[in-house]
Structure formats: structure tokens, C-alpha cells
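Residue-level listing of the chains:
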Amino acid sequence: MAQALPVAPGFAKAKVAVNPNAPDAKPVGEATCFACHQLEAEHFTHTLHSLGLHAANKADASIPVCETCHGPGSQHAQAPLTKGSILAYTKNGGTPIEVQTKTCLTCHEGGPRDHWLGSIHQRNGVSCSDCHNPMAKFSVEGSLARPSINDTCAQCHKDVRLEFNRRSHMPLPEGQMSCVDCHNPHGSLTGPLLKTNTVNETCYQCHAEKRGPFLFEHAPVRENCLNCHTPHGSNQHALLVAPIPFLCLQCHTQLRHPNDLHTPQSLATGAHPDERIMGRGCITCHANIHGSNAPAGPKFHE
């Protein structure tokens, strides 16, 4: 007696999706779908969803394939041009984005998607299919709509992608990191969709030496790394928001040393060069600017 095939993990509970626009429609099976959608079927063949659903269907014939995501297809088969007769994952397919997302979350809820509801992507009408395409294998992993995570995000965030072209930037263009190293596109407790609770905690994932604790802490550093740095790319050294010494002088002016306001005229090429801002500027002497445990720590010296 032949042993029954095991149901593919993750697809064992697949069922026909609910289509609110066609409550009376009945399942028709993938053979009916393939009769018209042969090209889509060929693209779908090598995807993770296809392999999993077909394996589950062979183990249990009651598990649907196409209709797991698209809902019962009888009304669509009778009137293919009627919008809403099938769950469509396009902007003008007749299926509301909320229904599209709810269908995907039937299997993919929880984990990184715990905070999808209320996230900035959800509030702005982003659907799963804007970033993912399970019907074709465009990416190595994640069923993405583009070859990589960074290319997928750049569909909308073109301004951020351009920031990585600046002379000082995070190593994203070089392929050493991706957007999801810092962000969770499926939602988080923070506005910019950070994977941690604060900007600093996100930065400390790689820059652990800046975490401390320090006997003498630099208040703007402890408050937020973005007080001095821009996270994606900058035309200044070390992703700074302004060149040194002018960055430091935004806070430290008319107080002890320096006791005057430096301007571009104070640089080596200016009319009145000042030795205190030559080379690396303030951090020539105040090298431990992120915090110090040294005896001269209050001044952040070596």
C-alpha cells in the first residue's frame, strides 16, 4: 500500500480565499484557470508558492492552488471582464487593497507583520503586491517584485536611493547592506519603520563601540545620532549633516573655547585662517566626541 505524501509545511492549511465581491462563486480548480492563463501558469511554475501549493495539493486534493489567493473562480470564468469577480492584485483590478492585504495575511500574519495595521505603508494604501510578486520568480528570495530588496524599495523611495550616491554613504550600493537591515517595511512601533525602538538602538547594531556606557557622555550623541549624522548619505565626512567645525559651532559658540564664531573666512583658504579649525577641526583635540572614559573626559580628549 502506497504511503500518503506529507503535506507541505506552511501550505497544509491553505483554503479557498474569500471574495466579498463574489460571495456566490464556487471553486473551479486550477485546470480551468490554466485554460486561459497559460502564460501566467508558466511564470508561476518555479515560484515558492507554486511548489508549496502543488505539493500540498498532491498530498490533499482539497487544498486549492490558484484559488488559495484568488478566491473561487466560477463567476470569473463565466464573465472574465467583470472586475471583482476574482481577487485581483492590481490597482485597477476591482479588489480593494484592504481585501488584497487581508488575503495575504491569512497565511503571512504574525512575526515581522505584527505591526502592519497602522503602519505608514498601510495608511498610504500600499498593498503586498506593490513590493511582492508571488506569480513570478524575479528575486532570489522574498518573492519580490524587483531583483533585490533595495530595488524594490527604490520604486517609491527614489529620493532616499539618490542619497546613497553621495560621497559619504552607507555601503548599500556596494551590496554590503540592505534597507531591511535598519527598517521593517511591514510595520514597526516607530514612524520611519525602524526595526528597533529608537534611532540610536538601530545604529548600535553595527556601531556598538558608540553605545558606551561612558563616564562622560556627549548629550546630543546620547539623545539621537541624527543630531550630527544623516543615515543614508552625505557630501560631508562620516555622514555628517554639516562640515566640522560648523557642525560643532551650532551648539558651541560664545562659550569659553572657541570664543568666537568661525566662518568660511577662518578656513585655511579664507582671508583670516584660524589654526583651531585646520585639518580635522574640533575633533583634532576632542577626539572622543561620542563619549569618554579618560581622565580628561569632560572635554572628550584622547
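Structure shown above.
(A) Up close: the overall build of the chain. Counting its secondary structure elements, the chain contains 12 helices and four strands. Over its C-alpha atoms the chain spans a radius of gyration of 28 Å, topping by over 25% the 19 Å that the globule rule assigns to 302 residues. Looking at the 302 residues of the chain, the share that counts as buried comes to 32%. Within the chain, contacts between residues at least 6 apart in sequence are counted, and of these 50% link residues at least 24 apart.

(B) Examining unusual backbone geometry more closely. Geometrically, the link from Gly212 to Pro213 is a cis peptide bond, its omega value of 10° lying close to zero. Turning to its location among the elements, Pro213 is positioned in the loop between helix H11 (199-204) and strand S2 (216-217). Non-glycine residue Ser143 carries a positive phi angle of around 50°. Within the element layout of this structure, Ser143 appears in the loop between helix H8 (128-131) and helix H9 (149-153). One non-glycine residue with positive phi stands out, namely Ala238, at about 55°. With respect to the helices, strands and loops of the structure, Ala238 is situated in the loop between strand S3 (233-234) and strand S4 (291-292).

What counts and what doesn't
- Residues numbered from 1 in each chain as written.
- Predicted model: local features only at pLDDT ≥ 70, side-chain atom pairs only at ≥ 80, totals over all residues.
- Heavy atoms only, no water.
- Helix = DSSP H or I, 4+ residues; strand = E, 2+ residues; numbered from the N terminus.
- Rg over C-alpha atoms; globule rule 2.2 N^0.38 Å.
- Buried < 20%, exposed > 50% of the residue type's maximum accessible area, 1.4 Å probe, protein only.
- Contact = heavy atoms within 4.5 Å.

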